[in-house]
Amino acid sequence: MQEHTVKAFDEDITRLRGLIAEMGGLAEVAIQEALDALVRGDDALAKTVVQNDKKIDALESEIDRLAIRIIALRAPMADDLREVIAALKIAGVVERIGDYSKNIAKASREIGENRKKFEPLTLLPAMAEVASEMVHDVLTAYAARDPALALEVIATDNKVDAFYNSIFRNLVSHMVENPATISSAAQLLFVARNLERIGDHATNVAEMVHFAATGTYPADDDS
C-alpha cells in the first residue's frame, strides 16, 4: 500500500512539473511573438498572442487543481511540500508573464505606422530576448531543482533593468522633441515596462525555485 502511495505521489509530481514546463513554454513563445508583432506591425500575430493567453490561463487552473489535490490526498511534507507550494506560486507568476505578453500584443496594435520613427524598436527585441531567456532558464532551474541557475537568473535581471532605463530616457526625449508622437511613444514605453515586469516575475520564480531546492530564499543584494 505504501509503495502504491509513493508511486502515485511521484506520478502527480511528474505531472505537476510537466504542466509547469508546458505553461512556461507557452509564455516564452508569447513574449517572442508579441515582440515580433510589434516590430513588424503584424496585427494578425498580435491577435493570436491575445487569444493564446487563454491556454496559459487554463493551464494555471489545471495546476492549481492538481496541487490542491496532491496536498489533500498525499499530505506531502518537507521538501515535497515546498515543491508543491512553489509550483502553485510559480503557476500564478507565469500566468502574469502571459498577461504582460498579451499587453504588449495589444499595445502593438495601437502604435500603427509611427513605429518606424522610434529608435527603441532596435532595443526592445534585445530586451525581450533577455527577458525570455530568464523565463526559460528559471523553468529549467525549476525542473532540475538547480538553485545555482536560479541565482544566475536573479543576477540577469540587472540587464533587463538597464534596457528599460535606456529605453525610458530615449522615449521621454523623443516625446519632448516630437509632441505629435506622444501617444505612440507612450505605448512603446508601456511595452518596455511590461518587459521589465516579466524580468521581475522571472526573478520571483527564481527565488521560489531556490526556496524549493534549499529551504531558504536567496540573500538580498542591496549593493
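Attention here is on the structure that accompanies the text. Please read all numbers here as calculations on a predicted model, not as lab measurements.

**Looking at the pattern of salt bridges**
Evaluation of the coordinates by the stated rule reveals 10 salt bridges. Put simply, K102 and D99 hold a salt bridge, and the shortest N to O gap is 4.0 Å. One end of the pair is K102 and the other is D99, both in helix α3 (residues 78-111) and 3 residues apart, which spans about a single turn. Take K102 and D99: they sit in the same class, and that class is buried. When the shortest N-O distance is used, the salt bridge between E196 and R193 registers 2.5 Å. One end of the pair is E196 and the other is R193, both in helix α6 (residues 182-214) and 3 residues apart, which spans about a single turn. Through salt bridges with shared partners, a single network forms among D53, R96, D99 and K102.

**Overview of the packing of aromatic side chains**
The geometry of an aromatic ring pair is captured by two quantities: the separation of the ring centres and the angle between the planes. Throughout the structure, instances matching the rule amount to 2 aromatic pairs. Ring geometry for Y164 and F168: centres 6.1 Å apart, planes at 35°, overall tilted. Of the two residues, Y164 and F168 are both situated in helix α5 (residues 147-177); the distance of 4 residues between them amounts to about one turn of the helix. R82 extends its terminal NZ or CZ atom over the ring of F211, reaching a point 5.9 Å from the ring centre. We note R96 situated over the ring of Y100; from NZ or CZ to the ring centre the distance is 4.8 Å.

**Quick notes on the environment of D99**
With a relative accessible area of 12%, D99 lands in the buried category. Considered as a pair, D99 and V50 are 49 residues apart in the sequence and their alpha carbons are 8.6 Å apart. If we skip the residues at most four places from it in the chain, D99 touches D53 and D57.

**Focus on the packing of α5 against α6**
For any two helices packed against each other, the geometry comes down to the angle between their axes and how far apart the axes lie. It is the contact of α5 with α6, at a shortest axis distance of 9 Å, that shows an interaxial angle of 170°. In terms of orientation, α5 and α6 fall into the roughly antiparallel class. For the pair α5 and α6, the sense of crossing is left-handed. Class assignment of the residues belonging to the contact of α5 with α6 gives a composition of 22 nonpolar, 4 polar and 6 charged.

**Some words on the nonpolar core**
I90, L124 and L195 are the most contacted members of the largest nonpolar core, which has 69 residues in total. Those elements that provide at least two residues to this core are α1 (2-40), α2 (43-74), α3, α4 (124-144), α5 and α6. Not counting the four nearest positions on each side in its chain, L124 is found in contact with L35, L38, I167, L188, V191, A192 and L195.

**Observations regarding the packing of α3 against α6**
Viewed as axis vectors pointing N to C, α3 and α6 meet at an angle of 170°, and their least axial separation amounts to 9 Å. Here α6 runs roughly antiparallel to α3, going by the angle between their axes. Looking at side-chain class alone, the contact of α3 with α6 contains 20 nonpolar, 7 polar and 6 charged residues.

About the criteria used
Residues numbered from 1 in each chain as written. Predicted model: local features only at pLDDT ≥ 70, side-chain atom pairs only at ≥ 80, totals over all residues. Heavy atoms only, no water. Salt bridge = Lys/Arg side-chain N within 4 Å of Asp/Glu carboxyl O. Helix = DSSP H or I, 4+ residues; strand = E, 2+ residues; numbered from the N terminus. Buried < 20%, exposed > 50% of the residue type's maximum accessible area, 1.4 Å probe, protein only. Phe/Tyr/Trp six-rings, centres within 6.5 Å; stacked < 30°, edge-to-face > 60°. Lys NZ or Arg CZ within 6 Å of the ring centre and 35° of its normal. Contact = heavy atoms within 4.5 Å. Axes fitted to C-alpha atoms, helices over the stretch in contact; angles between N-to-C directions. Parallel < 35°, antiparallel > 145°, perpendicular 65-115°, else oblique. Left-handed = near helix turned anticlockwise from the far one by under 90°. Nonpolar A, V, L, I, M, F, W, Y, C, P; charged D, E, K, R; others polar. Core = buried A, V, L, I, M, F, W, Y, C linked by side-chain atoms within 4.5 Å.

From the geometry alone we can't say anything about function, so treat these as descriptive.
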